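Coordinate analysis (summary)
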Amino acid sequence: MRLSLIIPIFISFLVIINGCVDEPFIEPVKAPYSVVRVVNNTANVSNVSITIDGAQPVAELANLGPNAVSAYFDLKSGKRTFLVKNVATGDIMFNKQIEIHSFERTTVIFAGNFSTVDTLRTFSAFTFDEGEVYVSGAPNDGRAHVYLIHSSAASPTHSAKKLSFSAKYNTASDTTYKDTVYLSTASLDFSGIKSVTNVYPGNYIFSAISATSDVVAYTTDVSAGKRYYLFVVGEPNNMQIVKNEILPLPVRSK
């Protein structure tokens, strides 16, 4: 057989053999996700319905009550469209995109006074990024995390107030509260958040204080191993503090 025939046959044989070798499997790139929950701190509307990009990831978003907090759910990161409606009237209260950062645990808070009149409406949203999903959000052993959140926006008749916070601590063996400890050197505007991490468990009086000496006090027990969210809610002339208590979410991978 001529050499000119042998070479093409040999090359064809190599191509066939090479095609039978398995290609290495390459893991597809996963889309960034975030872990999100939603809070209804609306001052003058009771129940709201919320969709995100046209869907409701958890059932309670269909009818989220006053100062209620939804369960956490996974959400594709990026700019997501939140549509909020008044359950009682069907009025659209909010229809905008909110930036959800990749691999964050994020609380989305709706607060303020809703009106169909633009000049009377202070309803808005703000977010609280609580840390990456792949980093533990748990307090140190024997301690707790506390977050004070200013959700009292302006109303048609009252301006929003700057707030500072204080705490008094009562141990199990002492019936008198300790001296006031101020938790913020500067006042917080609406949507401001103060983190108080790794506090001792026990009974506390937390207070929100305005420049005009208005005090909203809330007494609660703080247990080790948990995270506490104290929301200052309502209109500026009628504020109150409501509590949300959770166990830290487990650490997850990207």
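Heads up: these notes are all about the structure in this document. Just so it is clear, the model here is predicted, and its values are computed rather than measured.

For the rest of this paragraph, the subject is the overall build of the chain. Each helix and strand counted, the chain has one helix and 15 strands in total. Counting the 254 residues in the chain, one finds 41% classified as buried. Taking as baseline every contact in the chain between residues at least 6 positions apart, the subset at least 24 positions apart corresponds to 62%. Carbon together with sulfur atoms contributes 54% to the accessible area of the chain, which is approximately 13,800 Å² in total.

Turning our attention to the sheet that holds strand S14 (residues 227–233). Spatial strand order, S11-S8-S14-S15: four strands in an open sheet with mixed pairing. Looking at the sheet topology across the chains shown, the edges are occupied by strand S11 (193–199) and strand S15 (240–246). Between one strand axis and the next, the sheet turns through 15° on average, direction left out of account. Two elements, strand S8 (residues 144–150) and S14, share six bridges in a ladder whose sense is parallel. Looking at the pairing, isoleucine 149 lines up with phenylalanine 231 of S14.

Moving on to the packing of aromatic side chains. Within this structure, the stated rule accounts for eleven aromatic pairs. A centroid spacing of 6.2 Å and a plane angle of 50° characterise the contact between phenylalanine 82 and phenylalanine 110, whose relative ring orientation is tilted. With phenylalanine 82 in strand S4 (residues 78–86) and phenylalanine 110 in strand S6 (residues 104–112), this residue pair connects regions lying 28 residues apart in the sequence. For the pair formed by phenylalanine 82 and phenylalanine 110, the shared burial category is buried. Both rings, one in tyrosine 169 and one in tyrosine 204, keep their centres 4.9 Å apart while their planes meet at 50°; by these two values the pair is tilted. Of this pair, tyrosine 169 sits in strand S9 (residues 163–170) while tyrosine 204 is found in strand S12 (residues 202–210), placing the two residues 35 residues apart along the sequence. Looking at arginine 37, its charged tip hangs above the ring of tyrosine 229, at a distance of 4.3 Å from the centre. It is arginine 143 that lies over the ring of tyrosine 200; its NZ or CZ is 3.8 Å from the centre.

Glancing now at the pairing of S4. Looking along a regular strand, one sees side chains alternate from face to face of the sheet. Where strand S2 (residues 48–52) lies against S4, five bridges are found, and the strand directions are antiparallel. Looking at the pairing, valine 48 lines up with asparagine 86 of S4. The sheet contact formed by S4 and strand S5 (residues 92–100) spans eight bridges and is antiparallel. Looking at S5, one finds that leucine 83 is bridged to asparagine 95.

Spatially, four strands are ordered S3-S1-S6-S7 in an open sheet, and the strand pairing comes out mixed. With partners counted over all chains shown, the strands left at the sheet margins are strand S3 (73–76) and strand S7 (124–132), one partner each. Neighbour to neighbour, the strand axes of the sheet diverge by 35° on average, direction disregarded. With seven bridges connecting them, S6 and S7 associate as antiparallel partners. Within S7, the position partnered with valine 108 by the bridge is threonine 127.

Let us look at the environment of isoleucine 52. Secondary-structure assignment places isoleucine 52 in strand S2. Residue class for isoleucine 52 comes out buried when judged on its relative accessible area of 3%. Through-space distance from the C-alpha of isoleucine 52 to that of glutamine 97 is 9.2 Å; in sequence the pair is 45 residues apart.

This paragraph deals with the pattern of salt bridges. Close approach of charged atoms lets side chains of opposite charge pair. Evaluated as defined, the whole model comprises eight salt bridges. One salt bridge in this structure joins arginine 227 and glutamate 130, with 3.0 Å as the shortest N-O distance. Here glutamate 130 lies in strand S7 and arginine 227 lies in strand S14, a separation of 97 residues in the sequence. In this structure, arginine 227 and glutamate 130 share a single accessibility class: buried. With its nearest N and O atoms 2.6 Å apart, the salt bridge here joins aspartate 214 to lysine 161. Highlighted residues: aspartate 214 in the loop between S12 and strand S13 (215–222) and lysine 161 in the loop between S8 and S9, separated in sequence by 53 residues. Here aspartate 214 falls in the partly exposed class, since its relative accessible area comes to 29%.

What counts, and where the lines are drawn
Residues numbered from 1 in each chain as written. Predicted model: local features only at pLDDT ≥ 70, side-chain atom pairs only at ≥ 80, totals over all residues. Heavy atoms only, no water. Helix = DSSP H or I, 4+ residues; strand = E, 2+ residues; numbered from the N terminus. Buried < 20%, exposed > 50% of the residue type's maximum accessible area, 1.4 Å probe, protein only. Contact = heavy atoms within 4.5 Å. Areas by Shrake-Rupley, 256 points an atom, 1.4 Å probe, with all protein chains shown as cover. Pairing = 2+ DSSP bridges. Axes fitted to C-alpha atoms, helices over the stretch in contact; angles between N-to-C directions. Phe/Tyr/Trp six-rings, centres within 6.5 Å; stacked < 30°, edge-to-face > 60°. Lys NZ or Arg CZ within 6 Å of the ring centre and 35° of its normal. Salt bridge = Lys/Arg side-chain N within 4 Å of Asp/Glu carboxyl O.

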